[in-house]
Amino acid sequence: MFLSILEVNSEQLPGLAIVCGDPRRAKKIADMLTDTVELAYAREYRTFIGSYKGVQLAVVSHGVGCPGAAVCFEELIKGGVHTIIRVGTAGSYSADHPAGSLIVSTGTIRTDGLTKQLVPDGFPAIGDSEVVNALFASAEEQGGVVKKGITVTLDVFFNGPVEIPHKLYKASGALAVEMEISALYVIASLRGIRAGAIVALDGYADSDLAEGYDPHTNVVSDAVEREIRAALEAMVKLA
């Protein structure tokens, strides 16, 4: 089967995939594999296949936001992928989890528009327990601050006249905010596959804590490196 948006043949895809927003990050992950082949680069979707410790997997970028990411997830699943881990970045809601910390998302608050058009209000967006546990164990092995818990998925990055209710989400116990996990978790539930997500915190979403957003520091780069390693090691456990 030819996947017309990713522009790859399903026969080329293994059953395991690591996904991320940035095509450059996909290349960074792919460089950690052996026997790596780049299959396609269409729009924001950059697809590699390779091997890590003998485990065959794909690495695919999905861009920013739920709608485009959902297209990626749906096509990967149509292509036979049964386990997906998202590796991303997020804003922290707690001074206990500064930039450079890792958060494994056990579930996410659905404030995005896409999943509202897929499932009814109240439908949970939760990670697969096996994937979440493997990610958390692998992340702890990498060192640094690691936490698992609830995240928030938003469509909006900058405030408009309607202020983003970060304080409400923080008071509700959410640990961090990002832009794609709800699409992954809902689609995984609908299609019957396993999914999990890990994010490196690149700053504070809470305005009371924020002192200027800079996702390009060495602390964040090191955290991204750790989360990538955690995702790769989790795939070995899950395989």
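Calculation criteria
- Residues numbered from 1 in each chain as written.
- Predicted model: local features only at pLDDT ≥ 70, side-chain atom pairs only at ≥ 80, totals over all residues.
- Heavy atoms only, no water.
- Helix = DSSP H or I, 4+ residues; strand = E, 2+ residues; numbered from the N terminus.
- Rg over C-alpha atoms; globule rule 2.2 N^0.38 Å.
- Buried < 20%, exposed > 50% of the residue type's maximum accessible area, 1.4 Å probe, protein only.
- Pairing = 2+ DSSP bridges.
- Polar contact = N/O pair within 3.5 Å; in protein donor to acceptor, adjacent residues only side chain to side chain.
- Patch = residues over 30% accessible without salt bridge, like charges linked within 9 Å, V, L, I, M, F, W, Y side chains within 5 Å.
- Areas by Shrake-Rupley, 256 points an atom, 1.4 Å probe, with all protein chains shown as cover.
- Salt bridge = Lys/Arg side-chain N within 4 Å of Asp/Glu carboxyl O.
- Core = buried A, V, L, I, M, F, W, Y, C linked by side-chain atoms within 4.5 Å.
- Contact = heavy atoms within 4.5 Å.
- Phe/Tyr/Trp six-rings, centres within 6.5 Å; stacked < 30°, edge-to-face > 60°.
- Lys NZ or Arg CZ within 6 Å of the ring centre and 35° of its normal.
- Axes fitted to C-alpha atoms, helices over the stretch in contact; angles between N-to-C directions.
- Left-handed = near helix turned anticlockwise from the far one by under 90°.
- Nonpolar A, V, L, I, M, F, W, Y, C, P; charged D, E, K, R; others polar.
- Parallel < 35°, antiparallel > 145°, perpendicular 65-115°, else oblique.

Peer 1: Where do I start with the overall build of the chain in this structure?
Peer 2: Scanning the chain from terminus to terminus reveals six helices and eleven strands. What you see for the chain is a C-alpha radius of gyration of 17 Å, in line with the 18 Å of a compact globule of 239 residues. Here the C-alpha coordinates of the chain stretch approximately 50 × 40 × 30 Å along the principal axes. Every one of the 239 residues in the chain was classed for burial, and the buried ones make up 56%.

Peer 1: Got a minute to help me understand unusual backbone geometry in this structure?
Peer 2: Most peptide bonds adopt trans geometry, and most residues besides glycine take a negative phi value. Despite not being glycine, aspartate 35 has its phi angle at roughly 55°, a positive value. With respect to the helices and strands, the residue aspartate 35 is situated in strand S4 (residues 34-42). In the Ramachandran plot, lysine 53 falls in the positive-phi region, its phi being about 50° despite a non-glycine side chain. The residue lysine 53 is located in the loop between strand S5 (45-52) and strand S6 (55-61) in this model.

Peer 1: Would you mind showing me how to read the pairing of strand S11 (residues 194-204) here?
Peer 2: Along any regular strand, the residues point their side chains to alternate faces of the sheet. Taken across its eleven residues, S11 has ten buried, putting it largely inside the fold. Sheet analysis places strand S8 (residues 102-110) next to S11, joined by three bridges and oriented antiparallel. Bridged to valine 104 within S11 is isoleucine 198.

Peer 1: Sorry, what's going on with the environment of serine 172 here?
Peer 2: Within the element layout of this structure, serine 172 appears in the loop between helix H4 (166-171) and strand S10 (176-178). Counting along the chain gives 22 residues from serine 172 to isoleucine 150, while the straight-line C-alpha distance between them is 9.5 Å. At 2.8 Å, the side chain of serine 172 forms a polar contact with the backbone oxygen of leucine 168.

Peer 1: What should I look at first to understand the environment of glycine 143 in this one?
Peer 2: With respect to the element layout, glycine 143 can be found in the loop between helix H3 (129-142) and strand S9 (146-153). For glycine 143, a relative accessible area of 24% gives the class partly exposed. Residues glycine 143 and alanine 223, 80 residues apart in the sequence, show an inter-C-alpha distance of 9.7 Å.

Peer 1: It is not clear to me how the environment of phenylalanine 73 should be interpreted in this structure. Could you clarify?
Peer 2: Locating phenylalanine 73 in the fold gives a position in helix H2 (residues 66-78). Through-space distance from the C-alpha of phenylalanine 73 to that of tyrosine 204 is 28 Å; in sequence the pair is 131 residues apart.

Peer 1: Mind showing me how you'd approach a nonpolar patch on the surface here?
Peer 2: A contiguous nonpolar surface patch, about 400 Å² in accessible area, is contributed by Phe157, Phe158 and Tyr213. Here phenylalanine 157 shows up in the loop between S9 and H4.

Peer 1: Please explain the nonpolar core as it appears in this structure.
Peer 2: Taken as a class, soluble globular proteins show a tendency for nonpolar side chains to be buried jointly. Judged by nonpolar contacts, the single largest core of 39 residues is most densely connected at Leu6, Phe73, Leu76 and Ile84. Contributions of two or more residues to this core are made by strand S3 (16-20), S5, S6, H2, strand S7 (83-92), helix H5 (181-191) and S11. Sequence-distant contacts of leucine 76, defined by excluding residues within four places in its chain, comprise Leu6, Leu13, Ala17, Val19, Val60, Val81 and Ile84.

Peer 1: Sorry if this is basic, but what is going on with the packing of aromatic side chains here?
Peer 2: In this description, a pair of aromatic rings is defined by centroid distance and the angle of the planes. Scanning all chains against the criterion turns up one aromatic pair. Geometry around phenylalanine 136 places lysine 148 over its ring, the cationic atom sitting 4.8 Å from the centre.

Peer 1: Would you mind showing me how to read the packing of H2 against H5 here?
Peer 2: In helix packing, the relevant descriptors are the interaxial angle and the interaxial distance, both defined with respect to the helix axes. Put simply, H2 and H5 touch, their axes get as near as 9 Å, and they point 30° apart. Between H2 and H5 the crossing geometry is right-handed. Mapping the contact onto sequence places Cys66, Ala70, Phe73, Glu74 and Ile77 in H2 and Ser182, Ala183, Leu184, Ile187 and Arg191 in H5. Looking at the contact of H2 with H5, its residues break down into seven nonpolar, one polar and two charged.

Peer 1: What is the right way to look at the packing of helix H1 (residues 23-30) against helix H6 (residues 218-238) in this model?
Peer 2: Closest axis-to-axis distance for the H1/H6 pair is 11 Å, and the angle between their directions is 60°. It follows that H1 is oblique to H6 by the angle criterion. The handedness of the crossing between H1 and H6 is right-handed. Within the contact between the two elements, H1 uses Arg25, Lys28 and Ile29 and H6 uses Val224, Glu225 and Ile228.

Peer 1: Before we go on, may I ask you to explain the pattern of salt bridges in this structure?
Peer 2: Side chains carrying opposite charge are able to pair once their charged atoms draw close together. This model, assessed by the stated rule, comprises ten salt bridges. One salt bridge in this structure joins arginine 194 and glutamate 130, with 3.1 Å as the shortest N-O distance. Taken together, the positions of arginine 194 in strand S11 and glutamate 130 in helix H3 put the pair 64 residues apart, joining distant regions of the chain. The exposure class assigned to arginine 194 is buried, which follows from its relative accessible area of 19%. On the accessibility criterion, glutamate 130 (48% relative accessible area) is partly exposed. The shortest N-O distance in the salt bridge between glutamate 141 and lysine 237 comes to 3.5 Å. Of this pair, glutamate 141 sits in helix H3 while lysine 237 sits in helix H6, and the two are 96 residues apart along the sequence. Note on glutamate 141: relative accessible area 53%, which makes it exposed. Among the charged side chains, a network of salt bridges with common partners joins Arg86, Glu178 and Glu180.

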